[in-house]
Amino acid sequence: MEKKIVFLDVDGTLCNDEGFVPDSARDAVRAARKNGHLVYLCTGRSQAELYDFIMEVGFDGVIGAGGGFVSVGDEMLYHKRVSDADVRHLVDFFNEHHVDFYLESNGGLYASENLVHHLEMMMYGDVDHDEEARRKRDENPNHFIEAMIQGESLYRSDVNKACFLQSDVPFDTIKEEFAGEFNVIPCTVPMFGPDSGELAVPGVHKATAIEALLEHLGLDQKDTIAMGDGMNDAEMLEYCQIGIAMGNAKPGLKDIADEVTDTHDEGGIFNSFKKHRLI
């Protein structure tokens with residue numbers, strides 16, 4: 001059996017719509033690694049969003065921030081950050097136009113002034129005036145909201161990328177504002193709204209990171225398999241030898257994928273691993 005290296009997106013692929021890892025996916029990853037294959041996370045998330053319940057599945061390393069950093073085990077292969085000037089531009093623009101956003105760094109997620117309240121309204125309802133909404137929040141706190149760091153300066157030098165929620169400012173206007181400074185792509189979290197998005201370092205994406213990792217490990221592109229669900233996975237699926245779209249993937253990703261598997265909760269990862277004899 002030839003050793004393969006597998007790259008798994010997190011949101012909508014490894015994790016389901018509730019943000020948790022189905023048992024079938026966890027079991028598939030562990031079994032594949034036991035059989036000698038390598039399994040890497042390849043995600044838009046930064047280190048601070050890779051919670052213990054995700055990392056406890058067990059992986060050989062992480063490509064994070066949409067290709068902004070690569071770790072092999074505990075070793076950081078490379079890490080590309082947003083310049084101080086570009087951070088200042090995005091913070092000032094979003095604050096001026098009342099766009100709620102957060103900055104991602106490997107040390108934490110830094111929230112704009114109104115972000116947490118906005119997220120709570122979307123997840124629970126009117127927590128300021130509705131007792132039932134407050135009860136839902138208090139009884140079922142969201143790990144993503146709990147991870148947000150509030151009240152600190154957003155003029156930071158450790159930023160991997162930024163995410164913004166839908167607002168009165170159209171996505172295309174934001175994309176035009178930051179042309180040349182950021183790669184602006186739609187966000188893959190449906191709750192954030194269709195005009196939400198991510199701002200990443202230009203020229204950095206999942207495929208460029210995979211290429212650098214393969215060179216570092218001395219492995220061949222022909223032994224790669226990628227699985228994803230969003231259009232930020234497009235370069236990854238096109239670059240790898242086998243590109244697999246989840247059953248819940250965006251139609252555009254399914255169009256370019258080599259094959260389409262089941263959804264996350266239907267055992268998509270497990271079934272694909274079995275099909276390709278990783279387990």
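Scroll up for the structure.
Conventions adopted
Residues numbered from 1 in each chain as written. Predicted model: local features only at pLDDT ≥ 70, side-chain atom pairs only at ≥ 80, totals over all residues. Heavy atoms only, no water. Pairing = 2+ DSSP bridges. Helix = DSSP H or I, 4+ residues; strand = E, 2+ residues; numbered from the N terminus. Contact = heavy atoms within 4.5 Å. Axes fitted to C-alpha atoms, helices over the stretch in contact; angles between N-to-C directions. Salt bridge = Lys/Arg side-chain N within 4 Å of Asp/Glu carboxyl O. Buried < 20%, exposed > 50% of the residue type's maximum accessible area, 1.4 Å probe, protein only. Core = buried A, V, L, I, M, F, W, Y, C linked by side-chain atoms within 4.5 Å. Phe/Tyr/Trp six-rings, centres within 6.5 Å; stacked < 30°, edge-to-face > 60°. Lys NZ or Arg CZ within 6 Å of the ring centre and 35° of its normal.

Next up on the list: the sheet that holds strand β10 (residues 183-186). Spatially, β8-β7-β6-β9-β11-β10 is the arrangement adopted by the six strands of the open sheet, whose pairing is mixed. Each edge of the open sheet carries a strand with a single partner, namely β8 (148-149) and β10. In this structure, β10 lies alongside strand β11 (residues 197-200), joined through four bridges in antiparallel fashion. Residue pairing for β11: Ile 185 is matched across the bridge by Glu 198. Across the sheet, helix α3 (residues 84-96) lies against β6 (101-105), β9 (161-164) and β11, angled at about 160° from β6, the strand it touches most.

According to the stated counting rule, one finds 18 salt bridges in the structure shown. When the shortest N-O distance is used, the salt bridge between Asp 23 and Arg 26 registers 3.2 Å. A residue pair is termed a helical-turn pair when its members lie 3 or 4 positions apart in one helix, as Asp 23 and Arg 26 do in helix α1 (residues 23-34) at three residues. On the basis of relative accessibility, which here comes to 27%, the residue Arg 26 falls in the partly exposed class. In this structure, the salt-bridge partner of Glu 152 is Arg 156, at a minimum N-O distance of 3.8 Å.

Locating Ser 272 in the fold gives a position in helix α11 (residues 268-275). Those residues in contact with Ser 272, other than ones at most four positions away along the chain, are Met 227, Ile 244 and Thr 261.

So, about the nonpolar core. Ranked by internal contacts, the top residues of the largest apolar core, which has 43 residues, are Leu 8, Leu 14, Ile 54, Ile 269 and Phe 273. Listed by contribution, the elements that provide at least two residues to this core are β1 (5-8), α1, β2 (38-42), β7 (108-111), α4 (115-124), α6 (143-146), β12 (224-228) and α11. Counting 24 residues, the second-largest nonpolar core is a separate cluster that includes Ile 5, Tyr 78, Leu 214 and Leu 237.

With that settled, consider the packing of aromatic side chains. All chains considered together, the criterion is met by 13 aromatic pairs. With 5.6 Å between their ring centres and 80° between their planes, Phe 178 and Phe 182 make a pair best called edge-to-face. Since its relative accessible area comes to 6%, Phe 182 is described here as buried. Every member of this aromatic cluster is reached through a ring pair, and the members are Phe 93, Phe 94, Phe 101, Phe 164, Phe 171, Phe 178 and Phe 182. One cation-aromatic arrangement involves Arg 88 over Tyr 155; the distance from NZ or CZ to the ring centre is 3.8 Å.

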